[in-house]
Amino acid sequence: MIDAGTTAVLPVRDYDLAATLGCGQAFRWAQRDGAWEGVIDQRWVRLRSIERGIEATTAHAANDWNWLTDYLQTDLDLGSVLLTFPDDEPMRAAVAHCRGLRLLRQDPWECLASFILSSTKQIVQIQQIIALLCERFGEPLTTPPGAILTRAFPTAERLARASEVELRACKMGFRAPSLLAAARRIASRELDLDSLRHLDVNAAREALVSLRGVGNKIANCALLFAYGFQQAFPIDVWVMKALRQLYFPKRRPTPQRLLNFTSTHFGPNAGYAQQYLFHYMRTRHENPDEQR
DNA sequence: TGCCAGGGCTGGG
DNA sequence: CCCAGCCATGGC
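What counts, and at which threshold
- Residues numbered from 1 in each chain as written.
- Chains lettered and ligands numbered in written order.
- Predicted model: local features only at pLDDT ≥ 70, side-chain atom pairs only at ≥ 80, totals over all residues.
- Heavy atoms only, no water.
- Core = buried A, V, L, I, M, F, W, Y, C linked by side-chain atoms within 4.5 Å.
- Buried < 20%, exposed > 50% of the residue type's maximum accessible area, 1.4 Å probe, protein only.
- Contact = heavy atoms within 4.5 Å.
- Helix = DSSP H or I, 4+ residues; strand = E, 2+ residues; numbered from the N terminus.
- Arc of directions from axis to C-beta.
- Axes fitted to C-alpha atoms, helices over the stretch in contact; angles between N-to-C directions.
- Parallel < 35°, antiparallel > 145°, perpendicular 65-115°, else oblique.
- Left-handed = near helix turned anticlockwise from the far one by under 90°.
- Pairing = 2+ DSSP bridges.
- Near = heavy atom within 4 Å.
- Polar contact = N/O pair within 3.5 Å; in protein donor to acceptor, adjacent residues only side chain to side chain.
- Nonpolar A, V, L, I, M, F, W, Y, C, P; charged D, E, K, R; others polar.
- Phe/Tyr/Trp six-rings, centres within 6.5 Å; stacked < 30°, edge-to-face > 60°.
- Lys NZ or Arg CZ within 6 Å of the ring centre and 35° of its normal.

A. Representation of the nonpolar core in the model. If you look at the biggest cluster of nonpolar residues, it comprises 79 residues, and the most contacted ones within it are Trp109 and Tyr276. Each residue touching Tyr276, except ones within four places of it in the same chain, is listed here: Leu78, Leu82, Phe85, Met91, Ala94, Val95, Cys98, Arg99, Gly100 and Leu101. Ala26, Val45, Ala56 and Leu104 belong to the second largest nonpolar core, which has 20 residues in total.

In structure tokens form, the structure reads like this:
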């Protein structure tokens with residue numbers, strides 16, 4: 001017996017699905033025929049923006065949709081978050097450029113593993129590496145015919161049993177030992193990612209940074225995109241470019257001064273503001289006619 | 001072709 | 001504390 005699948009509408013406004021799913025916080029969303037296909041934990045799902053909100057279709061019969069509203073954060077009052085952003089020219093431009101961009105609430109292991117693979121890689125390449133990883137180590141899912149994504153993100157337990165050679169074959173290069181070591185520490189229960197939810201942001205960061213190949217940037221990505229610590233402020237080359245060009249066009253602040261600035265200037269939702277700057281810097285010169 | 005990409009680690013000033 | 005070099009790989 002095959003489940004018929006289910007469609008529901010999540011009522012929401014101020015939600016830019018394309019910006020949210022395509023801004024480089026998650027790496028497994030595929031756009032096709034005006035909809036977004038993805039996998040959330042063990043569930044295949046297709047999303048489409050409609051007038052009233054977001055139309056969601058799953059492959060299973062679904063009773064509740066909490067797993068999806070939690071992931072998409074549709075219940076968040078975005079307006080009240082935007083009000084906490086600094087009232088300066090760069091921030092106004094970034095918000096105007098990508099209004100409706102949301103932060104997701106991802107699975108900690110998938111998010112952490114994904115960003116371990118992200119270092120000095122372009123987003124397209126990160127997507128390719130993760131696609132290979134899922135294809136080779138992910139559990140098959142219930143999907144409709146013709147689905148692009150058919151497997152779950154690999155568990156830490158499964159990757160812990162892989163070899164470094166097998167991982168390198170997924171094109172991840174020098175990141176392979178880091179991913180393998182993280183998978184082993186988490187599979188062995190030496191590090192419990194779920195327990196970090198109950199810590200404050202600094203204690204949670206300290207735990208993440210104890211992993212080989214995880215520094216402040218990658219830890220902040222996991223804290224922001226999986227745990228919902230909205231003050232966590234990842235600084236990659238794009239955000240650094242935003243800070244230098246938009247906030248410090250003349251001086252060249254030391255890393256320590258920069259850290260001090262970002263932790264005070266952007267307020268309690270600094271990480272949220274950071275994602276607006278990131279997406280703004282990456283897309284502000286695109287010709288609107290070339291976006292599908 | 002050469003430069004760069006959602007970095008982190010190590011070893012030197 | 002700060003910085004350069006190194007680590008794979010592929011897009012542009």
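B. View of helix α12 (residues 237-247). Within the sequence span of α12, burial applies to Val239, Ala242, Leu243 and Tyr247. Buried residues in α12, looked at end-on, bunch into an arc of 95 degrees, giving them a common side. Buried residues belonging to α12 abut α4 (89-97), α13 (255-265) and α14 (270-283).

C. Structural view of the environment of Val81. By secondary structure assignment, the location of Val81 is in helix α3 (residues 78-82). Residue Val81 is classed as buried on the basis of its relative accessible area, which comes to 5%. The sequence separation of Val81 and Ala273 amounts to 192 residues, and the corresponding C-alpha distance is 9.0 Å. Each residue touching Val81, except ones within four places of it in the same chain, is listed here: Leu76, Gln230, Asn269 and Tyr272.

D. Layout of the packing of helix α8 (residues 164-172) against helix α9 (residues 176-187). Where α8 contacts α9, the axes come no closer than 9 Å and their chain directions differ by 125 degrees. Relative to α9, α8 is oriented oblique. Of the two possible hands of crossing, α8 and α9 adopt the one that is right-handed. Across from Glu164, Leu167, Arg168 and Met172 in α8, the residues of α9 making contact are Ala176, Pro177, Leu179 and Leu180.

E. View of the pairing of strand β4 (residues 43-50). Bridging between strand β3 (residues 35-40) and β4 involves five bridges; their strand directions are antiparallel. The residue bridging Val39 from the neighbouring strand is Trp44, located in β4. Connecting β3 to the antiparallel partner β4 that follows it, the hairpin turn spans two residues, and Asp41 within it adopts a positive phi of roughly 55 degrees. One ladder, built from six bridges, connects β4 with strand β5 (residues 53-58); its direction is antiparallel. Each residue of the ladder has a partner; that of Leu47, found in β5, is Ala56.

F. Layout of unusual backbone geometry. Backbone geometry places Gln73, a non-glycine residue, at a positive phi of 60 degrees. Looking at the element boundaries, Gln73 is found in the loop between α2 (66-72) and α3. You will see that Lys171, though not glycine, has its phi angle at about 70 degrees, which is positive. For Lys171, the location among the structural elements is in helix α8. Lys171 gets classed as exposed once you look at its relative accessible area, which sits at 59%.

G. The arrangement of the protein's contact with DNA strand B in detail. The environment of DNA strand B is made up of 28 residues, and the closest members are Gly24, Thr120, Gln122, Ile123 and Gln274. Counting only the atoms of DNA strand B that lie within 4 Å of the protein, the sugar and phosphate share comes to 62%. One of the backbone N or O atoms of Gly24 is found 2.4 Å from a base nitrogen in DNA strand B. Listing elements by their share of the surface near DNA strand B, those giving two or more residues are α6 (123-137), α11 (216-225), α12 and α14. Each residue belonging to the surface near DNA strand B can be placed in one class, and the counts come to twelve nonpolar, eleven polar and five charged.

H. Structural view of the packing of aromatic side chains. One pass over the full model with this rule turns up twelve aromatic pairs. When the ring of Trp65 is compared with that of Trp67, the centres are 5.9 Å apart and the planes differ by 25 degrees; the resulting orientation is stacked. Trp65 sits in the buried class, given a relative accessible area of 14%. By relative accessible area, which is 11% here, Trp67 ends up buried. Here Tyr227 and Phe229 contribute two aromatic rings whose centre-to-centre distance is 6.5 Å and whose plane-to-plane angle is 35 degrees, an arrangement assigned as tilted. Both residues of the pair, Tyr227 and Phe229, belong to the buried class. Here a set of aromatic residues connected by ring pairs shows up, and it is made of Phe233, Tyr247, Phe248, Phe261 and Phe266. Lying across the ring of Phe174, Arg175 places its NZ or CZ 4.1 Å from the centre. One cation-aromatic arrangement involves Arg282 over Trp238; the distance from NZ or CZ to the ring centre is 5.8 Å.

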